[in-house]
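# Coordinate analysis (summary)
Residue-level listing of the chains:
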Amino acid sequence: MDIVIKAMRHLSMKTLSVLLFHKVPVIEDTYSSPGPCLYEFEKTLDFVGENYKVISLSEAVIHLENNSLPKNAACLTFDDGYPDWISGVLPVLLARNMHATFFITSQQLNGEAMWH
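Model, not experiment: these values are computed from the prediction. (Residues numbered from 1 in each chain as written. Predicted model: local features only at pLDDT ≥ 70, side-chain atom pairs only at ≥ 80, totals over all residues. Heavy atoms only, no water.)

### Brief notes about the overall build of the protein
Counting secondary structure elements, the protein contains 4 helices and 4 strands. Ordering the α and β elements of the protein from the N terminus gives α-β-α-β-α-β-α-β. The 116 residues of the protein split such that 34% are buried. When contacts within the protein are restricted to residue pairs at least 6 apart in sequence, those whose partners lie at least 24 apart make up 59%. (Helix = DSSP H or I, 4+ residues; strand = E, 2+ residues; numbered from the N terminus. Buried < 20%, exposed > 50% of the residue type's maximum accessible area, 1.4 Å probe, protein only. Contact = heavy atoms within 4.5 Å.)

This is the structure in structure tokens:
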């Protein structure tokens, strides 16, 4: 594992890493799209927090425009919009003082089914 961490640190030194998440259920859901359950997500955030400087997407854009991106910069993004973000993801992010950008598929708020 040490070699993986060293390689990731080296590869991300002068670039922006963007980690994209979708659904993060509190418990693993075998019928849902693959992805981490909340426990695995917390472990991922702990790893990211130890190895990257998590910044907001808007802050990253400013740094990229000014060629002043922090070393090992990373952004966290979430796609679609799931209720478990409020009860699971948000408290975990707040506890770690981490920024994230959420992209919400708004049509589902009118009762329309999502793409899957």
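Structure shown, so let's carry the discussion forward.
### Quick look at the confidence of the model for the protein
Detail in the predicted coordinates should be disregarded across regions flagged by low pLDDT. Summary statistics for the protein give a mean pLDDT of 82 and a share of 75% for residues scoring 70 or more. Mean pLDDT values for the elements of the protein range from 60 in helix 1 (residues 2–11) up to 96 in strand 2 (residues 53–54). (pLDDT = per-residue confidence, 0-100.)

### Some points on the packing of aromatic side chains
The description of an aromatic ring pair uses the distance of the two centres, along with the angle that the planes make with each other. Within the structure shown, the criterion is met by 6 aromatic pairs. With 5.8 Å between their ring centres and 70° between their planes, Phe-41 and Phe-78 make a pair best called edge-to-face. Here the residue Phe-41 occupies a position in helix 2 (residues 38–51), and Phe-78 occupies one in strand 3 (residues 73–80), the gap between them amounting to 37 residues. Judged by its relative accessible area of 0%, Phe-78 falls in the buried class. Here the aromatic rings of Phe-78 and Trp-85 are separated by 5.7 Å at their centres, their planes lie at 65°, and the arrangement is edge-to-face. The residues Phe-78 and Trp-85 share a single accessibility class, namely buried. Members of the aromatic cluster, joined through ring pairs, are Phe-21, Phe-41, Phe-78, Trp-85 and Phe-102. (Phe/Tyr/Trp six-rings, centres within 6.5 Å; stacked < 30°, edge-to-face > 60°.)

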